[in-house]
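A look at the structure
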Amino acid sequence: MKNWWKKACVYQVYPASFNDTSGSGTGDLRGVTQKLDYLQDLGIDVIWLSPVYASPMADNGYDISDYYAINPLFGTMEDMDALIKEAENRGIKIIMDLVVNHTSDAHKWFEEAKANPDSPYRDYYIFRDDKGQVPNDMDSIFGGPAWTLDEASGMYYFHLFTKEQPDLNWENPAMRNDVYKMMNWWLDKGIAGFRMDVIEVIGKIPDEKITDNGPMLHPYIQEMNAATYKGRDILTVGECWGATIEDAKKYSNPDGSELSMVFQFDHVKSRWGDAEKWLAGPVDLQKLKEIFSKWQHALYGKGWNSLFFGNHDLPRSVSFWGNDTTYRVESAKMLATLLHGMQGTPYIYQGEELGMTNIQFDAIEDYKDVETLNYYRIKTAEGEAHDTLMSRIHTIGRDNARTPMQWSSEENAGFTSGQPWLAINPNYKEINAAQQVGTADSVYSYYKALIALRKAHDIFMNGNFELIMEAHPQIFAYTRRVGDQTLYCVCNFSDTPADIDLQMTGKDILIHNYKESLPDHLTGLKPYEAFMAIASV
Ligand code: ISL
């Protein structure tokens, strides 16, 4: 099917934390292959594999030192080939993380660039002469200046993330061609696409302090498309924190000249502080409805949405958006219903299908994420109290999503026989896959049913979107309509019962999770309860 990704459900694997077969304490590629039956049972179509390339792991693999090699921590190229093949045998495609805004400082391009002013690789990066001060006051996203002085060459280089992640210079056509060559190499191996890390910043102009949406951004993406995946029916999804609706229409233009879709983060940012992500406010349901509704309407027929609440950078969705104590199971199911009912391609972050929760370590030493550690160090130096910082880290920190998968109630949650690289959430005895697979009312079984539903009914792909009960303070509800069918999705986004007054007409085709037949009058929902039905007139 052309544009098969419209009907697909993607599952993100964060390899370090998925499944360890070697006893190293870090997950590996064989561990992913070993769990393919689990993923096939869940019903997903695509695995987005976070980076497994050679890397010094300054940013857990988002610092790549060789795009053509596998990090020995994760295994070998043979393991990668075996994973692609075994996945294909089960009808599962693999998309790779494409991290080409920057490389690792241990990449041979950067090493040569630093060592030799005449090297063609000098211009693969963004170097500026040392004029006795930093070229400008731009900050890195992980704290501290975006320019670092390389003592040996006496030059500053630019890095939007850690100083171990020098930014590539996209103005250099030779560099761009090397990236395209590498992409084709992976595509020829049989992968089904790319998730493009921070792709919106490749058109940056540091001297003008432009990062997102530089003037050459879309031309570069179009060039990449033409040089690599044009003519191959693959899935491409760009990570675009700053994307507006107009940008997203360009990126996901149905003419296929750029990407399949982008991750936009308006819903995530609606809970973040204005100044910085660490200052989260409460869920603003009205705002959330507005944001989703806006995106659903704007891209209908004009582009394509990606649907997600979680990823490896974000807190666990049930903890951030739901209630991870009294109503953990209910709110995990409700969030899934709400999201998978919309138009777009849903992404499940590993463990979300179990309702895995955030972690709260007491000591900063237990955290491993470079962004979290930098934040703590910088803010502590500015005089912020330990407890204040820890509470922000508990709510937002990236390690929330990175604690190992909880496979069973056995030692180390069945994740490893060794010492886990990041501590396991102590709730693994209650929350784990072994307990949920095959259990009728588990979060896992719910996801499985939802994924199957989306596949069975085209209305999920084609139906238009209308918010209903817009002003209701507890309810997030919408309809999707196509032909004579209507899909109703009604979710109680609160921890108290909600009174509603919804008339529904037609003959039910399907009742997902409520009573046996379509109620002609829906009058209330329990805390975090979700209702979904398809009816025809
Ligand atoms: O969540 C974030 C916004 O403050 C950042 O943690 C994150 O860096 C940003 O979302 C960009 O993410 C991507 O690029 C980073 C990498 O650390 C993230 O893991 C990746 O998803 C640099 O490659």
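For the structure, see preceding data.
Residues numbered from 1 in each chain as written. Predicted model: local features only at pLDDT ≥ 70, side-chain atom pairs only at ≥ 80, totals over all residues. Heavy atoms only, no water.

**Some details on the overall build of the protein chain**
Looking only at helices and strands, the protein chain has 17 helices and 20 strands in total. For 537 residues, the compact-globule formula gives about 24 Å, and the C-alpha radius of gyration of the protein chain, at 23 Å, lands near that figure. Once the C-alpha set of the protein chain is aligned to its principal axes, its extents read approximately 75 × 50 × 45 Å. At a minimum sequence separation of 6, the contacts of the protein chain that also span at least 24 residues come to 69%. (Helix = DSSP H or I, 4+ residues; strand = E, 2+ residues; numbered from the N terminus. Rg over C-alpha atoms; globule rule 2.2 N^0.38 Å. Contact = heavy atoms within 4.5 Å.)

**Concerning helix H16 (residues 443-456)**
Since the α-helix advances by 3.6 residues per turn, residues separated by three or four positions end up pointing in the same direction. The first and last C-alpha atoms of H16 sit 20 Å apart over 14 residues, in line with the 20 Å expected at 1.5 Å per residue. Val443, Tyr444, Ser445, Tyr446, Tyr447, Leu450, Ile451, Leu453 and Arg454 are the residues of H16 that are buried. (Expected span 1.5 Å × (residues − 1). Buried < 20%, exposed > 50% of the residue type's maximum accessible area, 1.4 Å probe, protein only.)

**A closer look at the site of the ligand**
Not every one of the 17 residues close to the ligand is listed here, only the nearest: Asp59, Asp197, Trp241, His312 and Asp313. Separating an oxygen atom of the ligand from a side-chain N or O atom of Glu239 is a distance of 3.1 Å. In the environment of the ligand, an oxygen atom lies 2.5 Å from a nitrogen or oxygen atom belonging to the side chain of Asp313. Out of a free accessible area of 490 Å², the ligand has 94% covered by protein chains. Of the residues assigned to the shell around the ligand, the class counts are 5 nonpolar, 3 polar and 9 charged. (Near = heavy atom within 4 Å. Polar contact = N/O pair within 3.5 Å; in protein donor to acceptor, adjacent residues only side chain to side chain. Areas by Shrake-Rupley, 256 points an atom, 1.4 Å probe, with all protein chains shown as cover. Nonpolar A, V, L, I, M, F, W, Y, C, P; charged D, E, K, R; others polar.)

**Remarks on the sheet that holds strand E7 (residues 147-150)**
The antiparallel open sheet is built from 3 strands, whose spatial order is E6-E8-E7. The strands lining the two open edges of the sheet, one partner per strand, are strand E6 (127-129) and E7. Neighbour-to-neighbour, the strand axes of this sheet turn through a mean angle of 35°, independent of strand direction. Pairing of E6 with strand E8 (residues 155-158), which is carried by 3 bridges, proceeds in the antiparallel orientation. Considered in E8, the bridge of Arg128 is made with Tyr156. (Pairing = 2+ DSSP bridges. Axes fitted to C-alpha atoms, helices over the stretch in contact; angles between N-to-C directions.)

**Some remarks on the sheet that holds strand E2 (residues 46-49)**
By definition, the strands of a sheet pair up through backbone hydrogen bonds, in either a parallel or an antiparallel sense. Read from one edge of the open sheet, 8 strands run E11-E10-E9-E5-E2-E1-E13-E12, paired in parallel fashion. Of all the strands in the sheet, the pair left with one neighbour each is strand E11 (261-263) and strand E12 (306-307). Of the strand pairs in this sheet, strand E1 (residues 10-13) and E2 are connected by 4 bridges, and their pairing is parallel. Its bridge partner being in E2, Gln12 is matched across the sheet by Trp48.

**Topic: the packing of aromatic side chains**
If you walk through the whole model with that rule in mind, you get 37 aromatic pairs. Judged by centre distance (6.3 Å) and plane angle (15°), the ring pair of Trp109 and Tyr121 falls under stacked. With Trp109 in helix H4 (residues 108-115) and Tyr121 in the loop between H4 and E6, the pair connects residues that are 12 residues apart, well separated along the chain. Each member of the aromatic cluster is reached from another via a ring pair, and the members are Tyr53, Tyr67, Tyr68, Trp109, Tyr121, Tyr124, Trp185 and Trp186. Here the basic side chain of Lys93 rests over the ring of Trp4, its NZ or CZ set 4.6 Å away from the ring centre. The ring of Trp278 has Lys277 sitting right over it, with the charged end atom 5.3 Å from the ring centre. (Phe/Tyr/Trp six-rings, centres within 6.5 Å; stacked < 30°, edge-to-face > 60°. Lys NZ or Arg CZ within 6 Å of the ring centre and 35° of its normal.)

**Let's talk about the side chain of Asp167**
When you line up the elements, Asp167 lands in the loop between E8 and helix H5 (173-189). Each residue touching Asp167, except ones within four places of it in the same chain, is listed here: Asn101, His102, Tyr124, Tyr125, Ile126, Phe158, His159, Leu160 and Lys204.

**Brief notes about the packing of helix H11 (residues 328-340) against H16**
To describe two helices that pack against each other, one gives the angle between their axes and the distance between the axes. Where H11 contacts H16, the two axes come as close as 10 Å, and the packing angle between them is 15°. By the criterion of interaxial angle, the relationship of H11 to H16 is roughly parallel. The interaxial crossing formed by H11 with H16 has right-handed handedness. Contacts between H11 and H16 involve Val329, Ala332, Lys333, Ala336, Thr337 and His340 from the first element and Val443, Tyr446, Tyr447, Leu450, Ile451 and Arg454 from the second. Split into classes, the residues belonging to the contact of H11 with H16 amount to 8 nonpolar, 2 polar and 2 charged. (Parallel < 35°, antiparallel > 145°, perpendicular 65-115°, else oblique. Left-handed = near helix turned anticlockwise from the far one by under 90°.)

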